[in-house]
Amino acid sequence: GEDVEQSLFLSVREGDSSVINCTYTDSSSTYLYWYKQEPGAGLQLLTYIFSNMDMKQDQRLTVLLNKKDKHLSLRIADTQTGDSAIYFCAERRGRDYGGATNKLIFGTGTLLAVQP
Amino acid sequence: GAVVSQHPSRVICKSGTSVKIECRSLDFQATTMFWYRQFPKQSLMLMATSNEGSKATYEQGVEKDKFLINHASLTLSTLTVTSAHPEDSSFYICSASLGNEQYFGPGTRLTVT
């Protein structure tokens, strides 16, 4: 289908790891992104991965990409209460002109609740 | 990361009036900006792609005469909601491209009474 899908809700305890999953649709997508949105705010770019990579780590964040299954995940190590937010994955579709003209298709969003 | 601002952050207007929302890239030039709409507890829906110096490209189902987009410079794009109605009430978010990354503004909450 056309939708980028995510599970709606994830609850973890502070200090545990969180894993947020995403299934995207376009096998030709060049870049895949993770954004964080706090209540009433815009989106904060957390990290992104190029489609020819399997894994990318940036401090507490690890992105895994399974291109065959079109599955993307975001792991947050040592989850803190400040990580509570909605997390969106997004895929960039279209021909690559250096990123300037490509649009992002967003997933449905996962609400991460971190319990103290 | 790069900074994108939006103004106003919140606006309440009467039905039938027009509202202009500004999106600025503060520390970089953006050839392309994007306008999204987000309903409560839902994902972002792309409305249009705004290219500096040319007409915007609208997504299917988005009325170009209702949502006027102007990309006057490399750092400013505006979205004007014309003849607003209560169903136009929403959270409008812009973003600007910088290389492979897309940076988002803080959003504008529009309420039409």
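Residues numbered from 1 in each chain as written. Chains lettered and ligands numbered in written order. Predicted model: local features only at pLDDT ≥ 70, side-chain atom pairs only at ≥ 80, totals over all residues. Heavy atoms only, no water.

A. The environment of His71(A), seen in detail. All names here are of chain A. Residue placement: histidine 71 occurs in strand 8 (residues 71-76). A C-alpha to C-alpha distance of 9.7 Å links histidine 71 and glutamate 5, two positions 66 residues apart in sequence. Once residues lying within four places of it in the same chain are set aside, the contact partners of histidine 71 are Asn21, Cys22, Thr23, Tyr24, Leu64, Leu65 and Asn66. A distance of 3.4 Å separates polar atoms of two side chains, one belonging to histidine 71 and the other to asparagine 21. (Helix = DSSP H or I, 4+ residues; strand = E, 2+ residues; numbered from the N terminus. Contact = heavy atoms within 4.5 Å. Polar contact = N/O pair within 3.5 Å; in protein donor to acceptor, adjacent residues only side chain to side chain.)

B. Spotlight on the layout of surface pockets. As a volume, the largest pocket reaches approximately 490 Å³. In this structure, the largest pocket is lined by 21 residues; those nearest its centre are Gln37(A), Ile86(A), Pro40(B), Lys41(B) and Gln42(B). Sorting the residues of the lining of the largest pocket by element identifies strand 9 (85-93) and strand 11 (110-115) of chain A as the ones contributing at least two each. A breakdown of the residues in the lining of the largest pocket according to their chemical character gives 10 nonpolar, eight polar and three charged. (1 Å grid on protein atoms, 1.4 Å probe; cavity = no way out; pocket = protein on both sides within 12 Å on 5 of 7 lines; lining within 4 Å. Points joined across faces, edges and corners; volume = space filled by probe spheres on them. Nonpolar A, V, L, I, M, F, W, Y, C, P; charged D, E, K, R; others polar.)

C. Focus on the sheet that holds strand 8 of chain A. Residue and element names in this part refer to chain A. Strand order across the open sheet formed by five strands is 1-3-8-7-6, with antiparallel pairing between neighbours. Strands with a single pairing partner mark the edges of an open sheet, and in this sheet they are strand 1 (5-6) and strand 6 (55-58). Examined bridge by bridge, strand 3 (residues 18-23) and strand 8 share six bridges and lie antiparallel to one another. Counterpart to isoleucine 20 in the pairing with strand 8 is leucine 74. (Pairing = 2+ DSSP bridges.)

D. Inspection of the side chain of Thr62(A) at higher detail. Looking at the element boundaries, Thr62(A) is found in strand 7 (residues 61-66). When residues no more than four places from it in sequence are discounted, the contact partners of Thr62(A) are Met55(A), Lys56(A), Gln57(A), Ser73(A), Leu74(A) and Arg75(A).

E. Main features of the environment of Thr25(A). Residues and elements named next belong to chain A. Mapped onto the secondary structure, threonine 25 falls in the loop between strand 3 and strand 4 (31-37). On a C-alpha basis, the gap between threonine 25 and glutamate 5 in space is 8.8 Å, while along the polypeptide they are 20 residues apart. Within the structure, the side chain of threonine 25 is placed 2.8 Å from the side chain of glutamate 91, a separation counted as a polar contact.

F. Looking closely at the interface of chain A and chain B. With 22 residues of chain A in contact, the opposing surface of chain B contributes 20 residues. Both sides of the chain A and chain B interface together cover about 1,600 Å² of buried area, and 52% of this is carbon and sulfur. Where chain A packs against chain B, one counts one salt bridge. The interface formed by chain A and chain B contains eight residue pairs in polar contact (both at pLDDT 80 or more). Listed by contribution, the elements that provide at least two residues to the side of chain A that touches chain B are strand 4, strand 5 (43-50), strand 9 and strand 10 (103-106) of chain A. Ranked by the residues each element gives to the side of chain A that touches chain B, the list is headed by strand 4 of chain A, at four residues. (Buried area = accessible area lost by both parts, 1.4 Å probe. Salt bridge = Lys/Arg side-chain N within 4 Å of Asp/Glu carboxyl O.)

G. Geometry of the packing of aromatic side chains. Using the criterion set out here, one finds 13 aromatic pairs over all chains in the structure. Consider the rings of Phe106(A) and Tyr36(B), whose centres lie 5.5 Å apart with planes at 90°: the pair is edge-to-face. With Phe106(A) in strand 10 and Tyr36(B) in strand 4 (residues 32-38), this residue pair bridges two chains. An identical accessibility class is assigned to Phe106(A) and Tyr36(B); each is buried. Site record: aromatic cluster; members linked through ring pairs are Tyr31(A), Tyr33(A), Tyr35(A), Tyr48(A), Phe50(A), Phe88(A), Phe106(A), Tyr36(B) and Phe104(B). In this structure, Lys56(A) packs its charged tip against the face of Tyr48(A), placed 4.5 Å from the ring centre. (Phe/Tyr/Trp six-rings, centres within 6.5 Å; stacked < 30°, edge-to-face > 60°. Buried < 20%, exposed > 50% of the residue type's maximum accessible area, 1.4 Å probe, protein only. Lys NZ or Arg CZ within 6 Å of the ring centre and 35° of its normal.)

H. Structural detail: the nonpolar core. Judged by nonpolar contacts, the single largest core of 43 residues is most densely connected at Tyr35(A) and Phe106(A). Ranked by the residues each element gives to this core, the list is headed by strand 9 (residues 90-98) of chain B, at five residues. Within the second largest apolar cluster, 20 residues are counted, among which are Tyr24(A), Val63(A), Leu74(A) and Ile76(A). (Core = buried A, V, L, I, M, F, W, Y, C linked by side-chain atoms within 4.5 Å.)

I. Structural view of the sheet that holds strand 3 (residues 19-25) of chain B. Residues and elements named next belong to chain B. Pairing within the open sheet is antiparallel, and its four strands lie in the order 1-3-8-7. The open sheet terminates on both sides in strands that have one partner only, identified here as strand 1 (4-7) and strand 7 (67-73). In this sheet, neighbouring strand axes are inclined to one another by 15° on average, regardless of whether the strands run parallel or antiparallel. For strand 7 and strand 8 (residues 76-81), the ladder comprises five bridges, and the chain directions are antiparallel. The residue bridging asparagine 70 from the neighbouring strand is threonine 78, located in strand 8. (Axes fitted to C-alpha atoms, helices over the stretch in contact; angles between N-to-C directions.)

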